[in-house]
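Results of the structural survey
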Amino acid sequence: MGCTRLCLLGCFLALLLPLIVLGKQCHKVKLTVPPVIYSGYLVGKVNLKSCMHLNDVISGTDNPDFVVEHVDSHYAIYATKRITIPDHPLSFGIILKDEVSSSEKIIFCEAYK
């Protein structure tokens, strides 16, 4: 009996691990950029497929200095104006919205120089 419980726990954790890893991929995106970026600069490309559900759409960002556009199989993040990156990471979020329930989730992004 003890081995069965231990085996079941091991199997459960093995099944849970990929979900935890996928969740971490969607939790934070780190981008390396030059100290100064200009309007229209491609800040980075992200693959949000594992973060999005069937009814999710990109609603935008929580910072008007950045915009997200769908390009082929990924999403591109562009600067909307000239930005000087501070010594600490510049944070913003990509907003995913469920069209059916209207719920939102945010993918946190950090731009480093």
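Above this text you will find the structure in question.
Quick caveat: nothing in here was measured; it's all calculated off a predicted structure. (Residues numbered from 1 in each chain as written. Predicted model: local features only at pLDDT ≥ 70, side-chain atom pairs only at ≥ 80, totals over all residues. Heavy atoms only, no water.)

Another aspect to go through is the overall build of the protein. Check the secondary structure of the protein and you find one helix and nine strands. For the protein, the succession of helices and strands along the chain, N to C, is α-β-β-β-β-β-β-β-β-β. Taking all 113 residues of the protein together, 32% fall into the buried category. Of the roughly 7,500 Å² that the protein leaves accessible, carbon and sulfur atoms contribute 61%. (Helix = DSSP H or I, 4+ residues; strand = E, 2+ residues; numbered from the N terminus. Buried < 20%, exposed > 50% of the residue type's maximum accessible area, 1.4 Å probe, protein only. Areas by Shrake-Rupley, 256 points an atom, 1.4 Å probe, with all protein chains shown as cover.)

Here three strands make up an open sheet; going across it, the order is β3-β6-β5 and the pairing antiparallel. At either margin of the open sheet sits one strand with a lone partner, and together these are β3 (42-46) and β5 (66-71). Between one strand axis and the next, the sheet turns through 25° on average, direction left out of account. Judged from the six bridges that link them, β5 and strand β6 (residues 74-79) form a sheet pairing that is antiparallel. Paired with F66 across the bridge in β6 is A79. (Pairing = 2+ DSSP bridges. Axes fitted to C-alpha atoms, helices over the stretch in contact; angles between N-to-C directions.)

Before going further, it helps to examine the side chain of D98. Here D98 is to be found in strand β8 (residues 90-98). No salt bridge is formed by the buried D98; the nearest opposite charge belongs to K105, separated by 8.3 Å. A polar contact is formed between the side chain of D98 and the backbone nitrogen of S101, at a distance of 3.0 Å. When near neighbours in sequence (up to four residues on either side) are disregarded, D98 contacts N55, D56 and S103. (Lys, Arg positive; Asp, Glu negative; His and termini not counted. Salt bridge = Lys/Arg side-chain N within 4 Å of Asp/Glu carboxyl O. Polar contact = N/O pair within 3.5 Å; in protein donor to acceptor, adjacent residues only side chain to side chain. Contact = heavy atoms within 4.5 Å.)

In this section: the environment of G93. Of note, G93 is situated in strand β8. Here G93 falls in the buried class, since its relative accessible area comes to 0%. Sequence separation between G93 and N63 is 30 residues; the distance between their C-alpha atoms is 7.2 Å.

Along β6, five of the six residues are buried, which leaves the element largely enclosed by surrounding structure. As paired strands, β3 and β6 are joined by four bridges and run antiparallel to one another. Across the sheet, G44 pairs through a bridge with I77, a residue of β6. Between β5 and β6, which pair antiparallel one after the other, the connecting turn spans two residues, and D72 there sits at a positive phi close to 55°.

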